[in-house]
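# Coordinate inspection notes
Spelled out, the chains give:
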Amino acid sequence: KFKGRRLKKLSKEIKKSITISIIIVLVVVAIISAFFIIKYFIEKNKIDNVYETYSDNNVQNRIETQDTTTNDDLMLKIDGESVLGVIKIDKIGYEGLIYEGTSLETLDKGIGHFEKSPYLEGNVCLAGHNYSGVWKNLHTIENGDTITYTSFLGTKEYEVNNVQEIIETDWTLLDNTEENYLTLITCVKGKPSLRLAVQAIEKK
């Protein structure tokens, strides 16, 4: 009888421990989920603000009424960074802010704009990490896919017409062009000496 009571007590303790463990796991999952949900809505709010401010109806008015006409003054400041606009790639379900510059610190916040490339007319060049939630699936882009670029100077739609891997020291695709192009650069998984380049030409 004593042994039976001990086994029954031990069984209850094990069940109690399992129940507590399950509750702890569920609480942790709920906290993590809440964090990502809040982060998503914060980011979405920033993007919506950029869309509204940089809408075609507001662009010309902002340029004409701004006290100064430097590009930096025309850009919104978010998280202490100048924001050029938003890039949207339906094929990979990506929509994110574009910041000025391509430092690691800037790219940790979102997509970066190569400072020597144009903002709207010519070859607009952008860079981003190939992490999950950024451009992890950029390699699935194909010719004919659409990319939308909204900037503080206007909005353009582009059609992908060139996808290739380039050597990390070969930046010829960043050269300016007479036609309006959008060039996206990211790392290639498992190939540190290469970069993935996606080019798209403005839709007519």
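Heads up: the structure comes first, above all this text.
### Section: the packing of aromatic side chains
A complete count under the given rule lists four aromatic pairs for this structure. Ring centres of Tyr94 and Trp135 lie 6.4 Å apart, and the angle between their planes is 75 degrees; this geometry places the pair in the edge-to-face category. With a gap of 41 residues between them, Tyr94 in strand β3 (residues 94-100) and Trp135 in the loop between β5 (123-127) and β6 (146-151) connect regions that are remote in the sequence. The class of Tyr94 is buried, set by a relative accessible area of 9%. For Trp135, a relative accessible area of 1% translates into the label buried. Ring centres 5.2 Å apart and planes at 65 degrees place the aromatic pair Tyr119 and Phe152 in the edge-to-face group. Taken together, the residues Tyr119 in the loop between β4 (111-113) and β5 and Phe152 in the loop between β6 and β7 (154-167) connect sequence positions 33 residues apart. Take Tyr119: its relative accessible area is 18%, and that puts it in the buried class. Given a relative accessible area of 1%, Phe152 falls into the buried group. Put simply, the rings of Tyr54, Tyr119 and Phe152 touch in pairs and so form one group of aromatic residues.

### Examining the side chain of Glu81
With respect to the helices and strands, the residue Glu81 is situated in strand β2 (residues 81-89). Engagement of the side chain of Glu81 in a polar contact is seen with the side chain of Lys109, the distance being 3.5 Å. Beyond its immediate stretch of four places on either side in the chain, Glu81 contacts Leu76, Tyr99, Glu100, Thr106 and Lys109.

### A closer look at the environment of Val83
Mapped onto the elements of the fold, Val83 is located in strand β2. Sequence separation between Val83 and Tyr99 is 16 residues; the distance between their C-alpha atoms is 4.5 Å. Filtering out sequence-adjacent residues up to four positions away, Val83 remains in contact with Val50, Tyr54, Met75, Leu76, Ile78, Leu97, Ile98 and Tyr99.

### Describing the pattern of salt bridges
Following the criterion strictly, the structure yields 10 salt bridges and no others. Between Lys88 and Asp90 there is a salt bridge, and its shortest N-O distance comes to 4.0 Å. For Lys88, a relative accessible area of 32% corresponds to the partly exposed category. When salt bridges that share partners are traced, they join Lys91, Glu142 and Asp145 into one network.

Parameters and conventions
Residues numbered from 1 in each chain as written. Predicted model: local features only at pLDDT ≥ 70, side-chain atom pairs only at ≥ 80, totals over all residues. Heavy atoms only, no water. Phe/Tyr/Trp six-rings, centres within 6.5 Å; stacked < 30°, edge-to-face > 60°. Helix = DSSP H or I, 4+ residues; strand = E, 2+ residues; numbered from the N terminus. Buried < 20%, exposed > 50% of the residue type's maximum accessible area, 1.4 Å probe, protein only. Polar contact = N/O pair within 3.5 Å; in protein donor to acceptor, adjacent residues only side chain to side chain. Contact = heavy atoms within 4.5 Å. Salt bridge = Lys/Arg side-chain N within 4 Å of Asp/Glu carboxyl O.

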